[in-house]
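Read off the chains here:
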Amino acid sequence: MFTGVSDAPAAPQVAVVVDVMRAFTVAAGAFRRGAERIVFAATQEEALELKARNPGRLAVQDGPPVPGFDLADSPARLREPDVRGRTIVQRTTAGTTGALAVADAGLLLCASFPVARATAEVLRRSEARTAAFVITGDDGRAAADLACAEYSAALVRAPATDPGPCPARARRSGAAARLAEGVRRGWGGVHPEDVELCLAADVDPFAMAAVRLDGRLVLRPVS
Ligand SMILES: O=C(O)[C@H](CS(=O)(=O)O)OP(=O)(O)O
Ligand SMILES: [Mg+2]
């Protein structure tokens, strides 16, 4: 089942929340670089509060730079800071909002192209009969998120599936065009390499699972 955030079932047995550009590509890059966990915040205010309460946390938000936040929601910019062992607080318009909408799922995975294959492996091992793929962008119509969701679903059925045209579909998406426009106009928080990094399929050996912990939704890599 593919659904938008507003139509998503409140507590599906399994939810795969997909955000290619850029929240869950950023999350995958953070774990690849050794970040320990990502705490999702519903608002920028909550993100800054969570950061202030726990010194050493790094806060990420989408859009232009905001005082108090350490990092942009940009996979290319995330290559610079040392995030090893760090807890990151992340708040974005589509990705983290989508994850919070299905926080009561029995199994909640957050997905993007770099973790597509590992996500499919976790789904296959879960033996769940169905999964709700939550397309976070453009009210459930985001071409990039749909392409990644379709690729992941195909991998569950047939592990030898290759990405085929899926990353190319994402490259032609409205989200990619918006990021390219951001680069042309010099918007803060957008890097020229972001789109390509978001299209790199099957880079990481881990999937990303979110669980409730002390009243928060916390994302960690799972192998
Ligand atoms: O950081 C992003 O690219 C987007 C911003 S928006 O949804 O295009 O306004 O946030 P995300 O939640 O990562 O899709
Ligand atoms: Mg997005």
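The structure this text deals with has already been given above.
The numbering scheme is per chain: residues are counted from 1 as the chain's sequence reads. Written order decides the labels, with chains lettered from A and ligands numbered from 1. With pLDDT at 70 or above as the cut-off, local features in this predicted model cover only qualifying residues; side-chain atom pairs require 80 or more to be listed or tallied, and sums for whole chains, interfaces and linings still use all residues. Just so you know, side-chain values use all the structure's heavy atoms and leave hydrogens and water out.

1. Looking at the site of ligand 1
Consideration 1: Summary of the distance rule: residues count as near a molecule or strand when at least one heavy atom falls within 4 Å of that molecule or strand. Around ligand 1 lies a shell formed by D19, M21, R22, A23, D62, D73, T92, T93, A94 and G95.
Consideration 2: The contact in question runs from an oxygen atom of ligand 1 to an N or O atom on the side chain of T92, over 2.6 Å.
Consideration 3: N or O atoms within 3.5 Å of each other form a polar contact, as long as, within protein, one can give a hydrogen and the other can take it, and as long as residues adjacent in sequence are counted only when both atoms are side-chain atoms. Note that an oxygen atom of ligand 1 is positioned 2.8 Å from one of the backbone N or O atoms of G95.
Consideration 4: Burial of ligand 1 by the protein chains amounts to 78% of its free accessible area of 360 Å².
Consideration 5: Partitioned by chemical class, the residues of the shell around ligand 1 number 3 nonpolar, 3 polar and 4 charged. Per-residue and other accessible areas were derived by the Shrake-Rupley procedure at a 1.4 Å probe size, with only the shown protein chains allowed to occlude residues. As a working rule, the residues Ala, Val, Leu, Ile, Met, Phe, Trp, Tyr, Cys and Pro are called nonpolar, Asp, Glu, Lys and Arg charged, and the rest polar, with Gly in that last group.

2. Looking at the coordination of the magnesium ion (ligand 2)
Consideration 1: Metal donors: N, O and S atoms at distances within 2.8 Å, or within 3.2 Å for Na, K and Ca, with water omitted from the atom set so that some sites may seem incomplete. Protein coordination at the magnesium ion (ligand 2) comes from D19 (OD) and M21 (O), with a distance range of 2.1 to 2.3 Å.
Consideration 2: Classification of D19 as buried rests on a relative accessible area of 3%.
Consideration 3: What makes M21 buried here is its relative accessible area of 14%. Any residue under 20% of the maximum accessible area for its type is buried, any over 50% is exposed, and the rest in between are partly exposed; the area is computed with a 1.4 Å probe on protein chains only.

3. Re the nonpolar core
Consideration 1: The set of buried Ala, Val, Leu, Ile, Met, Phe, Trp, Tyr and Cys residues whose side-chain atoms join them within 4.5 Å is what this entry labels a nonpolar core. Counting 35 residues, the largest nonpolar core has V16, V18, V20, M21, F113, L123 and F133 as its most contacted members.
Consideration 2: Put simply, DSSP marks the helices as runs of H or I at least four residues long and the strands as runs of E at least two long, and each gets a number from the N terminus on. Of the residues forming this core, the biggest block, 7 residues, is contributed by helix α5 (residues 143–157).
Consideration 3: Formed by 32 residues, the second largest nonpolar core is a distinct cluster that contains A8, V17, F40 and A103.

4. Examining the pairing of strand β8 (residues 132–135)
Consecutive side chains of a regular strand alternate in pointing toward one face of the sheet and then the other.
Consideration 1: Burial of β8 is two-sided: the residues A132 and V134 facing one way and the residues F133 and I135 facing the other way are all buried.
Consideration 2: DSSP bridges decide pairing: two strands pair if at least two such bridges lie between them. Across 3 bridges, strand β1 (residues 2–4) lies against β8 in parallel orientation. Bridge pairing links G4 to I135 in β8.
Consideration 3: As paired elements, strand β2 (residues 14–18) and β8 share 4 bridges and run parallel to each other. Within the sheet, the bridge partner assigned to V18 lies in β8 and is I135.

5. Examining the packing of aromatic side chains
Consideration 1: In this analysis, rings of Phe, Tyr and Trp, with Trp reduced to its six-membered ring, are considered paired at centre separations within 6.5 Å, and the interplanar angle assigns stacked below 30 degrees, edge-to-face beyond 60, and tilted for intermediate values. If you walk through the whole model with that rule in mind, you get 4 aromatic pairs.
Consideration 2: Ring plane angle 45° and centroid distance 6.0 Å describe the contact between F24 and F40, whose orientation is recorded as tilted. Remark: F40 occurs in strand β3 (residues 37–40) and F24 occurs in helix α1 (residues 23–32); sequence separation between them is 16 residues.
Consideration 3: You can call F40 buried: its relative accessible area is 2%.
Consideration 4: For the ring pair F31 and F206, a centre distance of 6.3 Å and an interplane angle of 90° mean the geometry is edge-to-face. In this pair, F31 is assigned in helix α1 and F206 in the loop between α8 (194–199) and β9 (207–213), connecting sequence segments 175 residues apart. Residue F31 shares its accessibility class with F206, and that shared class is buried.

6. Some points on helix α4 (residues 116–126)
Consideration 1: For α4, the set of buried residues is A116, A118, T119, A120, V122 and L123.
Consideration 2: In this fold, the buried residues of α4 make contact with β2, β7 (107–111), β8, α5, β9 and β10 (216–222). Note on contacts: a residue pair is in contact if any heavy atoms of the two residues lie within 4.5 Å.

7. Some thoughts on the packing of α4 against α5
Consideration 1: In the contact formed by α4 and α5, the axes pass within 8 Å of each other and the chain directions differ by 45°. Considered as vectors, α4 and α5 are oriented oblique to each other. For the crossing formed where α4 meets α5, the hand is right-handed. Taken together, the residues of α5 that come into contact with α4 (itself represented by A116, R117, A120, L123 and R124) are Y151, S152, L155 and V156. Convention adopted: a line fitted to C-alpha atoms gives each axis, helices being fitted over their contacting stretch, and angles between N-to-C directions are expressed from 0 to 180 degrees. To sort the angles, those under 35 degrees are grouped as roughly parallel, those over 145 as roughly antiparallel, those from 65 to 115 as roughly perpendicular, and the leftovers as oblique. Helix crossings fall into two classes, left-handed where the near helix is turned counterclockwise from the far one by less than a right angle and right-handed where it is turned clockwise.

8. Thoughts on the pattern of salt bridges
Consideration 1: Only one rule defines a salt bridge in this text: a Lys or Arg side-chain nitrogen within 4 Å of an Asp or Glu carboxyl oxygen. Going through the model one piece at a time under the given rule, you end up with 16 salt bridges.
Consideration 2: A salt bridge links E150 to R169; the nearest nitrogen and oxygen atoms lie 3.0 Å apart. Here E150 is found in helix α5, whereas its partner R169 is found in helix α6 (residues 166–171), with 19 residues between them in sequence.
Consideration 3: We classify R169 as partly exposed; its relative accessible area is 27%.

The quantities given are spatial measurements derived from coordinates; they are silent on function.
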